[in-house]
Amino acid sequence: MLKIDNLHVRVAGKAILHGLTLHVKAGEVHAIMGPNGAGKSTLGNVLAGRDGYEITAGTIEYEGRDLLALEPEERAAAGVFLAFQYPVEIPGVNNTYFLRAALNAQRKARGEAELDSMQFLKKVREKLAVLQLKDELLHRAVNEGFSGGEKKRNEIFQLALLEPKLAILDETDSGLDIDALKMVADGVNAMRDPARAFLVVTHYQRLLDYIVPDVVHVLADGRIVESGDKSLAHRLEEHGYGWLAERRVAGAGG
Amino acid sequence: MSALVESLSTARVAPAGLAAVRADALAALQRDGLPGPRDEAWRYANLRAFGQRRFVDGDCGAPMRALDPGTLLGGDVAARLVFVNGVHRADLSTTGRVEGLSIERYAAHPDELAGLLRADLDGDAFARLAAALAIDGVRLRVADGARIAAPVQLVFAGAPADGDVAWSLRTRIEVGAGARLALVEHHLAGAPHAHFGNAVADYDIAPGGHLDLLQLQEAADGASVIRRGTARLAAGAALVQHAVELGAQWARQDFRVRLEGAGARFESRGVFALHGRQQGETRLDVLHAAGDTACDIAWRGVADDRSRGVFRGAITVAAGADGADAQLGNKNLLLSPQAEIDTQPVLEIHADEVKAAHGATVGQLDEAALFYLRSRGLPFELARRVLVAAFCGSVLERLDPVARARVDALLAARLPQAEAA
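Since this is a predicted model, take the numbers as computed values, not measurements. (Residues numbered from 1 in each chain as written. Chains lettered and ligands numbered in written order. Predicted model: local features only at pLDDT ≥ 70, side-chain atom pairs only at ≥ 80, totals over all residues.)

**Remarks on the overall build of chain B**
Here is step 1: From N to C terminus, chain B includes eight helices and 21 strands.
Here is step 2: Expected size for 421 residues packed as a compact globule is a radius of gyration near 22 Å; at 21 Å, chain B falls within 12% of this value.
Here is step 3: When contacts within chain B are restricted to residue pairs at least 6 apart in sequence, those whose partners lie at least 24 apart make up 84%. (Helix = DSSP H or I, 4+ residues; strand = E, 2+ residues; numbered from the N terminus. Rg over C-alpha atoms; globule rule 2.2 N^0.38 Å. Contact = placed C-beta atoms within 7 Å.)

Below, the structure is given as structure tokens:
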């Protein structure tokens, strides 16, 4: 589904990713772990199409298409979703309006019929129940005045509603207490599907106790330096990221 | 003498009182001319070009001009007076009998109108122009204690004519003690034209009176619309203004508020959204002349393409006006590198015990918010419109729902549909 090959990215003139290679198949959950400053968030932003990231080399192929040639909204319509590390507050834009506009814009771009408000609300109620979110969140402005946990749950709620094919979770666990973490994990696990892939970017192994990955990668110094099964996450937790530096093998990749 | 003044100095038949004011206004204009580039109050206006334009004084075809009733603002009205190119249209107006509300046209009271216009001659060149051109207008009185449930609409419509028409209307609104009125001033266009419209208004609010004033300006893109308002508030009186400035090639409003009685309160919520080569200028001038008076001004401005917006909010707290509360906020968005917005908050305080705050910003759309919306699938233009509408809407939350729906639709239609940045 997703093939990232030899990706080099500069941000504000500084090389952040240099030679990242990562292949993800439909149905798989990949975890990307790594120390602060390794380029984890850069990867999510590049995949979603944010401005300000200069791709100096490498390719990203998504479902056989050149992902880098698509605008952010085209990527969304094609099924790419980024759960933001820091969801943006947008005063004055009602959450329900936003969600419906987003869903219908994607459907329109895919040539599907737009949902009327009854169909939309029915879908919303189903998804809210799964995440134990209050209706009240829908009536507020997008993320405005939401607590940290509410913002992250709102991201997962959007994920559930928009039903993307490739979901990138950028440190969705940061700032969550254990109950909120479980709720977020439940929401993600409910969406696991043979046709859907997840890229779970995290600093801590804790989230991976609840969202069990098929593959764990370690991102350090702008490339994947180690890949393995879920036990890799536990070894990292035990030994810390410093342990990797000592046993790094040149040319390791995912 | 400028081409503008010359073109409007033609002879015309009018009642003696009005003819005398007109002669004096034109004489003063010919003597002093239009404001020069060093006149601070007019430095943003392109008067050199405007002074070269020629207009026809009045539109004799106005009684026949078509106007789509769908352009009028819906909802219940206590009365609606429609003027097309400055000419009253009884066929489009409704003036039912409402207890406590009296509406007179100045065409029937020329001497009273002449008295108002003569006082206007003390103002600047555009005040004189407006005085020279006016032959009609509206005097609206709300009796003491009367609460008029539905709004009164004054509609200033422009319609294409044989040439570019200049017109002027003078209004006077008197809200009695403890009375209440909602007034809508609606400038709109039937079809494209490049007329020059002038509207001058007084608002006198007696003790405890309350005036809700909605000014919706969606004049034709080619039109020039110059408005001037002076409000005087007695003790405990309140004026709540909502101003939405969307139309006209050149739109300017000078709005002065005198808080003359203790406890008088002025609230102003306004938006201007400009595109193309539009120029919009709003100048608010508030005087706290008595104690415990309050003003609360929150305006939003948006400029796209090569448009230029100017907002000036000046608040003066006179000596002795202790307990005054003066708040002024003006936030602006530039949507294009060629657009320009000038904002000038001015606070002048001569009293001791005053609560005052003012702030003004000019910025661009929040890139993070724009990306967030796009990453969820909203196309760039829709995302931009959603953010701009939210930005403007933040000061329109208390607008009546019928008017709000109209404003939202207008904003959506007028806001940029342009190319991706």
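Structure's up, so let's keep going.
**Things to note about the overall build of chain A**
Here is step 1: Counting secondary structure elements, chain A contains ten helices and twelve strands.
Here is step 2: In terms of overall dimensions, chain A is globule-like: its C-alpha atoms have a radius of gyration of 18 Å, near the 18 Å expected for 254 residues.
Here is step 3: Considered along the principal axes of its C-alpha atoms, chain A spans approximately 55 × 40 × 35 Å.
Here is step 4: Expressed as a percentage of the 254 residues in chain A, the buried residues total 43%.
Here is step 5: For chain A, the proportion of contacts with a sequence separation of at least 24, taken over those separated by at least 6, is 73%. (Buried ≥ 20, exposed ≤ 12 C-beta atoms within 10 Å, placed from the backbone.)

**Structural notes on the interface of chain B and chain A**
Here is step 1: With 18 residues of chain B in contact, the opposing surface of chain A contributes 21 residues.
Here is step 2: Of all the secondary-structure elements, those providing two or more residues to the side of chain B that touches chain A are α6 (367-375) and α7 (380-393) of chain B.
Here is step 3: For the side of chain B that touches chain A, the leading source of residues is α6 of chain B, giving seven residues.
Here is step 4: Grouping the constituent residues of the side of chain B that touches chain A by class yields eleven nonpolar, four polar and three charged. (Nonpolar A, V, L, I, M, F, W, Y, C, P; charged D, E, K, R; others polar.)

**Some thoughts on helix α5 (residues 125-133) of chain B**
Residue and element names in this part refer to chain B.
Here is step 1: In terms of residue burial, α5 counts as a mostly covered element, since nine of its nine residues are buried.
Here is step 2: For α5, the set of buried residues is Ala 125, Phe 126, Ala 127, Arg 128, Leu 129, Ala 130, Ala 131, Ala 132 and Leu 133.
Here is step 3: Those residues of α5 that are buried lie in contact with α2 (16-32), β1 (56-57), α4 (110-120), β8 (165-175), β10 (196-205) and β12 (224-233).

**Thoughts on the sheet that holds strand β3 (residues 29-33) of chain A**
Sheet strands pair by backbone hydrogen bonding; their relative direction is either parallel or antiparallel.
Residues and elements named next belong to chain A.
Here is step 1: As summarised here, the arrangement of the six strands in space is β6-β9-β10-β3-β11-β12, forming an open sheet in which the pairing is mixed. The sheet is open, and its two borders are formed by β6 (80-83) and β12 (223-228), each paired with just one other strand. Sheet twist, expressed as the average angle between the axes of neighbouring strands with direction ignored, equals 20°.
Here is step 2: Against the sheet, helix α6 (residues 148-162) touches β6 and β9 (166-170), its axis set at about 165° to β6. (Pairing = 2+ DSSP bridges. Axes fitted to C-alpha atoms, helices over the stretch in contact; angles between N-to-C directions.)

**What to know about the environment of His 23 of chain A**
All names here are of chain A.
Here is step 1: Among the structural elements, His 23 can be located in strand β2 (residues 14-24).
Here is step 2: On the basis of neighbour count, His 23 is assigned to the partly exposed category, with 15 C-beta atoms found within 10 Å.
Here is step 3: Each C-alpha atom, one on His 23 and one on Phe 98, is 32 Å from the other, the two residues being 75 residues apart in sequence.

**A short note on the environment of Leu 188 of chain B**
Residues and elements named next belong to chain B.
Here is step 1: With respect to the helices and strands, the residue Leu 188 is situated in strand β9 (residues 180-189).
Here is step 2: For Leu 188, a count of 21 C-beta atoms within 10 Å translates into the label buried.
Here is step 3: Expressed as a C-alpha distance, the spacing of Leu 188 and Thr 71, which sit 117 residues apart in the sequence, is 7.5 Å.
Here is step 4: Look past the residues within four positions of Leu 188 in its chain and what remains in contact with it is Thr 71, Val 155, Ala 157, Glu 218 and Ala 219.

**As for the packing of helix α4 (residues 117-131) of chain A against α6 of chain A**
Axes are the key here: two packed helices are described by the angle between their axes and the distance separating the axes.
Residue and element names in this part refer to chain A.
Here is step 1: At their nearest, the axes of α4 and α6 sit 10 Å apart, and the two run at 135° to each other. With respect to α6, the axis of α4 lies oblique. Relative to α6, α4 is oriented so that their crossing is right-handed. Each of Lys 123, Val 124, Lys 127, Leu 128, Val 130 and Leu 131 in α4 lies in contact with α6, whose residues at this interface are Arg 153, Ile 156, Phe 157, Ala 160 and Leu 161.
Here is step 2: Residues belonging to the contact of α4 with α6 are distributed by class as follows: eight nonpolar, no polar and three charged. (Parallel < 35°, antiparallel > 145°, perpendicular 65-115°, else oblique. Left-handed = near helix turned anticlockwise from the far one by under 90°.)

**Some points on the nonpolar core**
Here is step 1: Residues Phe 81 and Ile 168 of chain A together with Ile 205 and Leu 259 of chain B are the most contacted members of the largest nonpolar core, which totals 208 residues.
Here is step 2: Broken down by element, the residue count for this core peaks at eight residues, all from α5 of chain B.
Here is step 3: Filtering out sequence-adjacent residues up to four positions away, Ile 168 of chain A remains in contact with Gly 44, Leu 47, Ala 48, Phe 81, Leu 82, Ala 83, Leu 199 and Val 201 of chain A. (Core = buried A, V, L, I, M, F, W, Y, C linked by C-beta atoms within 7 Å.)

**Regarding the pairing of β9 of chain A**
Residue and element names in this part refer to chain A.
Here is step 1: The element β9 is largely enclosed, with a buried count of five among its five residues.
Here is step 2: Bridge analysis of β6 against β9 gives four bridges, and the strand direction is parallel. Pairing of Leu 82 across the sheet is with Ile 168, part of β9.
Here is step 3: As paired elements, β9 and strand β10 (residues 197-202) share five bridges and run parallel to each other. Residue pairing in the sheet places Leu 169 in a bridge with Val 200 of β10.

**Quick notes on the sheet that holds strand β5 (residues 65-66) of chain A**
Residues and elements named next belong to chain A.
Here is step 1: On the basis of which strands lie adjacent, the open sheet formed by four strands has the order β2-β1-β4-β5 and antiparallel pairing. The sheet is open, and its two borders are formed by β2 and β5, each paired with just one other strand.
Here is step 2: Pairing geometry for strand β4 (residues 53-62) and β5, over two bridges, is antiparallel. Residue Glu 61 lies in a different strand from β5, and its bridge partner there is Asp 66.

**Quick word on unusual backbone geometry**
Here is step 1: In this model, Asp 221 of chain A sits at a positive phi of 50°, which is unusual for a non-glycine residue.
Here is step 2: Summarising the element assignment, Asp 221 of chain A is placed in the loop between β11 (215-220) and β12.
Here is step 3: Located in the positive-phi region is Asn 85 of chain B, a residue other than glycine, with phi close to 50°.
Here is step 4: Looking at the secondary structure, you find Asn 85 of chain B in the loop between β2 (79-84) and β3 (87-88).

**Let's talk about the confidence of the model for chain B**
Here is step 1: In this model, chain B carries a mean pLDDT of 94, and residues with pLDDT of at least 70 account for 98%.
Here is step 2: In the model output, the complex is listed with pTM 0.89 alongside ipTM 0.94. (pLDDT = per-residue confidence, 0-100.)

**What to know about the pairing of strand β15 (residues 265-274) of chain B**
In the case of a regular strand, side chains alternate between the two sheet surfaces.
All names here are of chain B.
Here is step 1: Buried residues dominate β15, accounting for eight of its ten residues.
Here is step 2: Relative to β15, strand β13 (residues 238-245) runs parallel, the two being bridged by eight bridges. Pairing of Glu 245 across the sheet is with Phe 272, part of β15.
Here is step 3: Direction of pairing for β15 relative to strand β17 (residues 294-303): parallel, over a ladder of ten bridges.

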